[in-house]
Amino acid sequence: MAHKLLDAVSAAGVSSPIWLSGAGEDHSVQVVITGGTVVVISLEGTLDNRGAASPSWFIIGQYTFDAADLAAKKVLFHVNSKVVEGIRLNLNTFTHVGQTLTAKYSPERLAA
């Protein structure tokens, strides 16, 4: 089951984290935009657990929309073989006028 990380956002920023049940290593992200000219997103992971006061986040995958992605207004990308306990999405760059972006995440497994 996919989980929304970002819902109709119109500015760069970081999602709330999702915690995995055990270390997850395969990750899929679906991003849909209503428009835009530059979109750069980073999938970030941590080995710190849910109870950590201030988890350390690291980029485990990054994606920049190309011309075809911008025309289609969507992309599905995957990050494999990156073992992490938690995941979040960073919308690094979103150049647009009055457009929004929604991102969903599907992990190998989620925490209960």
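Source: prediction; values computed, not measured.

Take the nonpolar core next. In this structure, Val-31, Val-39, Leu-89 and Leu-101 are the most contacted members of the largest nonpolar core, which totals 23 residues. Mapped onto this core, the elements with two or more residues apiece are β1 (3-9), β3 (18-24), β4 (27-33), β5 (38-46), β7 (74-79), β8 (84-95) and β9 (101-107). Residue contributions to this core peak at five residues, all from β8. If we skip the residues at most four places from it in the chain, Leu-101 touches Leu-6, Asp-7, Ala-8, Val-9, Val-31, Val-32, Ile-33, Val-39, Leu-91 and Phe-94.

The next point concerns the sheet that holds β7. In sheet architecture, strand pairing relies on hydrogen bonds along the backbone and comes in two forms, parallel and antiparallel. On the basis of which strands lie adjacent, the open sheet formed by four strands has the order β1-β9-β4-β7 and antiparallel pairing. Strand pairing shows two members of the sheet lacking a second neighbour, β1 and β7, which therefore form its edges. Each adjacent strand pair in this sheet contributes to an overall mean axis angle of 10 degrees, direction not counted. As paired elements, β4 and β7 share six bridges and run antiparallel to each other. For Val-29, the partnering residue across the bridge sits in β7 and is Phe-77.

Looking now at the pattern of salt bridges. A full pass over the atoms with the stated rule returns two salt bridges. Two residues, Asp-7 and Lys-4, come together in a salt bridge whose shortest N-O distance is 3.3 Å. The class of Asp-7 is partly exposed, set by a relative accessible area of 48%. The residue Arg-88 makes a salt bridge to Glu-44 at a minimum N-O spacing of 2.6 Å. Here Arg-88, found in strand β8, pairs with Glu-44, found in strand β5; they are 44 residues apart in sequence, far enough to count as distant. On the basis of relative accessibility, which here comes to 7%, the residue Glu-44 falls in the buried class.

The next subject is the side chain of Thr-46. Examined against the element boundaries, Thr-46 turns out to sit in strand β5. Looking at Thr-46, the relative accessible area reads 1%, which means it is buried. Within the local environment of Thr-46, its side chain forms a polar contact with the backbone nitrogen of Asp-48, the two atoms lying 3.0 Å apart. Dropping the residues within four chain positions of it, Thr-46 is found in contact with Trp-19, Pro-55, Ser-56, Trp-57, Val-84, Glu-85 and Gly-86.

This part covers the packing of aromatic side chains. This structure, assessed with the given rule, holds three aromatic pairs. An angle of 80 degrees between the planes, with centres 6.2 Å apart, marks the rings of Tyr-63 and Phe-65 as edge-to-face. Considering the side-chain rings of Tyr-63 and Phe-77, the 5.3 Å spacing of their centres and the 20 degrees angle between planes classify their relative orientation as stacked. With Tyr-63 in strand β6 (residues 58-64) and Phe-77 in strand β7, this residue pair connects regions lying 14 residues apart in the sequence. You can call Phe-77 buried: its relative accessible area is 6%. Among the aromatic residues, those joined into a cluster by ring pairs are Tyr-63, Phe-65 and Phe-77.

Parameters at a glance
- Residues numbered from 1 in each chain as written.
- Predicted model: local features only at pLDDT ≥ 70, side-chain atom pairs only at ≥ 80, totals over all residues.
- Heavy atoms only, no water.
- Core = buried A, V, L, I, M, F, W, Y, C linked by side-chain atoms within 4.5 Å.
- Buried < 20%, exposed > 50% of the residue type's maximum accessible area, 1.4 Å probe, protein only.
- Helix = DSSP H or I, 4+ residues; strand = E, 2+ residues; numbered from the N terminus.
- Contact = heavy atoms within 4.5 Å.
- Pairing = 2+ DSSP bridges.
- Axes fitted to C-alpha atoms, helices over the stretch in contact; angles between N-to-C directions.
- Salt bridge = Lys/Arg side-chain N within 4 Å of Asp/Glu carboxyl O.
- Polar contact = N/O pair within 3.5 Å; in protein donor to acceptor, adjacent residues only side chain to side chain.
- Phe/Tyr/Trp six-rings, centres within 6.5 Å; stacked < 30°, edge-to-face > 60°.

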